[in-house]
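Structure at a glance
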Amino acid sequence: MRYLNPLDYGIIGAYCALLLILSLSLWRRASRSLEHYFLAGRNMPWWALGISGMASYFDMAGTMVIVSFLYMLGPRGLYVEFRGGAVLLLAFMLLWTGKWHFRSGCMTGAEWQIFRFGSGSGAQFARVITAVANIVSLMAMITYIITGAGLFLSMFLPYSPLVCALLMVGVTTVYTVISGFYGVVYNDILQAAIVLVGAVTLSILGAVEVRAHPGELSELARRVTGNPDWLSSWPQRFTPISGAGGTEYEPMQFLAWVGLLGFLRAVLGGFASGTNQRFFGARSERDCGLLSFFWIGLIAFRWPMMIAFAVLGLFLVDRTYPDPAVLSRAAAMVRDHVPGVAKEQWLDTITDVSENPDRYPRAAEELRGLLGPGWQQSLQLVSHSGGIDPERILPAVILMSVPSGLRGLFVVALVAAAMSSLSPRVNDATSYFVRDLWQAYLHPRAGNRELILVSYVFGVALVGSGFVFAYYVRSINDVWGWISMGLGAGLSVPQVLRLYWWRFNGTGFFGGTLAGLCAAVLERALVPDWPPGRTFFVALSASLIGSLAGTWLGAPADRAVLERFYRLTRPFGWWGPLRSSLSPELGSAADRENRRDLAALPFALLWQITLFLLPMQAVIGAWSSFWPTLVLWLVGLSGVLWFWYRHLPSKAEGAYPASRLLADERPVRQECIPALPP
């Protein structure tokens, strides 16, 4: 194995063994009940849930695709990732959607539909379609994670991307299935520590490299990427990136439009957010807010690390391919000797050529003559179109630019990030199947042992399906773009309406979710090359039409159900007919709370966006942008502290005593536990 030394591989092996040992130690605790298995008994401290949330969003595949945009665009790559990678929905969960869902006392987002719509046929359909849609979404995310894992690990292991992904995902699936949400949280804490050490170290390496560069970084970036404003943080209307990313990334040249579209998607998703297991499993409303604040603060460490990878990538490409024409010639050589290779199989092909030169002697000879003695490593950066593959920048930097003593650390850190991202998705999808399909409809009399066993089987089957779909993915940006702009848009309208409109019913939720899901899936199957804007608006329109049609075809939810929901959740929006269910004192208190939350939103978004920009600007030395951004960050933080933090309830005020009855102390219930006495 030429890429890492035996000590590095030993560290990776020991790390995986440690995860399995920790999971086995948690097995008995997790298997006590579904509430223990899926929510860790609702007894995790806020800081642990915040760390777990950060680790789940610090994923390997997402980091690789964001690095690709930062490599091509500089700090402005952040605006492309308003579509999802900048996780702006955390601001909404911080202010109100997290605590609103916490107040229900539910275990899953699908079970929450019973709390919102009642127990009639419309509510049951809503629960089923929610479970199905979330399983599809989570399977897509698992496919995305598997694709990224294969892309990354095949740079360091002498195997194909699919086999590399199988090794990592196999370990993750085992420890997730064994230990449930306990394993998710405790392993996330361990993995987060490794990830943060790696992030800080890499950020320092990038900053040092920039300071040591004798020339202008902007000139180097222009020469490598064709982007003349790489250091800028301002989202210009148009910025050229074709020199770096090839045709697949050309739509991102219209940066202001892409950023605006992504921001619209983020706001829509933010208003619909909150069904994360960490909020259902929190101890109190105060903990919901604190874990979100901590979550945002920790995820900020990701951005200086990613811009450091991008900067080191600029130096690496400039050093490896001073003549860009060599890239197209290398790609042509591979295609000549492996005719008919499709883009989806490109990575497997170049891995096979570089790892088995005896199988392709003429190709190996020609590539060695073109790329030099290190052709096997250099070939990993060549894309199918004959340019630089920006999604390979991150692993290439670790392989070719990081000192040998640190390579193992960064490989483990990124593997830890991928595992932390995969494990909660497996746990979430399993909870939807077991709680909302198997226990609720397929086998209501199932005992605890059977439910835990079904969880094991479904978790393994889910990951296996992810491998099947990963085989047909062209790139991680390809699948992530569809998840965020197609599938996300198609499912968001009913998720929004359920929280802010009293007349919206279970039939409307079913119709909107089914229409949006079908539109997104058909788009992916029939016209996968649609631009992001068209994908977004078609899926969104289908979901809106289905939601409104279903709502007016069905009757409103039962008045008693609506009153109970409104009294416990106390949302803002179009809830006029339900106002009378609140006492004057509680109504006034709810109005004040909602006004503060809405007033805090622009400050929270400003604080979060500038929190991500600031460390990137510091790493690349863009001080003319840093100081104005710092002022904006202080304004955003001040607004958050004034409108939100100083009004957080005490732990006792924000708790819901009725939900402390755990499933192993009382029979497992089919409906949500009330947040407060009705």
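Next up on the list: helix 22 (residues 448-470). Given a rise of 1.5 Å per residue, 23 residues ought to cover 33 Å, and the 33 Å separating the end C-alpha atoms of helix 22 matches this to within 8%. Among all positions of helix 22, only Leu-451, Ile-452, Val-454, Ser-455, Phe-458, Gly-459, Leu-462, Val-463, Gly-466, Phe-467 and Ala-470 are buried.

Bringing the pattern of salt bridges into the picture now. Within this structure, the stated rule accounts for twelve salt bridges. A salt bridge links Arg-579 to Asp-591; the nearest nitrogen and oxygen atoms lie 2.9 Å apart. On the criterion of sequence distance, the pair formed by Arg-579 in the loop between helix 26 (559-569) and helix 27 (584-620) and Asp-591 in helix 27 is long-range, its members being twelve residues apart. Take Arg-579: its relative accessible area is 33%, and that puts it in the partly exposed class. With a relative accessible area of 27%, Asp-591 lands in the partly exposed category. Connected through shared salt-bridge partners, Lys-99, Arg-103, Glu-285, Glu-593 and Asp-597 make up one network.

So, on to a nonpolar patch on the surface. A contiguous nonpolar patch, built from Phe-238, Phe-254, Trp-257, Leu-260, Leu-264 and Phe-537 and spanning about 600 Å² of accessible area, is present on the exposed surface. Per element, the largest residue contribution to the nonpolar patch is three residues, and it comes from helix 12 (residues 255-271). Its location among the elements puts Phe-254 in the loop between helix 11 (242-245) and helix 12.

This paragraph deals with the side chain of Gln-608. In this structure, Gln-608 sits in helix 27. Looking at Gln-608, the relative accessible area reads 0%, which means it is buried. In this structure the side chain of Gln-608 is engaged in a polar contact, spanning 2.8 Å, whose partner is the backbone oxygen of Val-87. Setting aside residues up to four positions removed in sequence, Gln-608 forms contacts with Ala-86, Val-87, Leu-88, Leu-90, Ala-91 and Ile-296.

This part is about the environment of Met-60. Assignment of secondary structure puts Met-60 in helix 4 (residues 60-73). Its relative accessible area of 1% is what places Met-60 among the buried residues. As a C-alpha pair, Met-60 and Tyr-144 span 84 residues in sequence and 9.9 Å in three-dimensional space. Leaving out residues up to four positions away in the same chain, Met-60 has contacts with Gly-148, Ala-149, Phe-152, Met-168, Leu-414, Val-415, Ala-417 and Ala-418.

We note that Val-87 has phi near 40°; this positive angle belongs to a residue other than glycine. Inspection of the secondary structure puts Val-87 in the loop between helix 5 (77-80) and helix 6 (89-102). Residue class for Val-87 comes out buried when judged on its relative accessible area of 10%. In this model, Arg-570 sits at a positive phi of 55°, which is unusual for a non-glycine residue. Its place among the elements puts Arg-570 in the loop between helix 26 and helix 27.

Closest axis-to-axis distance for the helix 14 (residues 285-299)/helix 27 pair is 9 Å, and the angle between their directions is 25°. Comparing the axis directions of helix 14 and helix 27 gives the class roughly parallel. Of the residues in helix 27, those in contact with Phe-293, Ile-296, Gly-297 and Ile-299 of helix 14 are Trp-607, Gln-608, Leu-611 and Phe-612. By residue class, the composition of the contact of helix 14 with helix 27 is six nonpolar, two polar and no charged.

Definitions and limits used
Residues numbered from 1 in each chain as written. Predicted model: local features only at pLDDT ≥ 70, side-chain atom pairs only at ≥ 80, totals over all residues. Heavy atoms only, no water. Helix = DSSP H or I, 4+ residues; strand = E, 2+ residues; numbered from the N terminus. Expected span 1.5 Å × (residues − 1). Buried < 20%, exposed > 50% of the residue type's maximum accessible area, 1.4 Å probe, protein only. Salt bridge = Lys/Arg side-chain N within 4 Å of Asp/Glu carboxyl O. Patch = residues over 30% accessible without salt bridge, like charges linked within 9 Å, V, L, I, M, F, W, Y side chains within 5 Å. Areas by Shrake-Rupley, 256 points an atom, 1.4 Å probe, with all protein chains shown as cover. Polar contact = N/O pair within 3.5 Å; in protein donor to acceptor, adjacent residues only side chain to side chain. Contact = heavy atoms within 4.5 Å. Axes fitted to C-alpha atoms, helices over the stretch in contact; angles between N-to-C directions. Parallel < 35°, antiparallel > 145°, perpendicular 65-115°, else oblique. Nonpolar A, V, L, I, M, F, W, Y, C, P; charged D, E, K, R; others polar.

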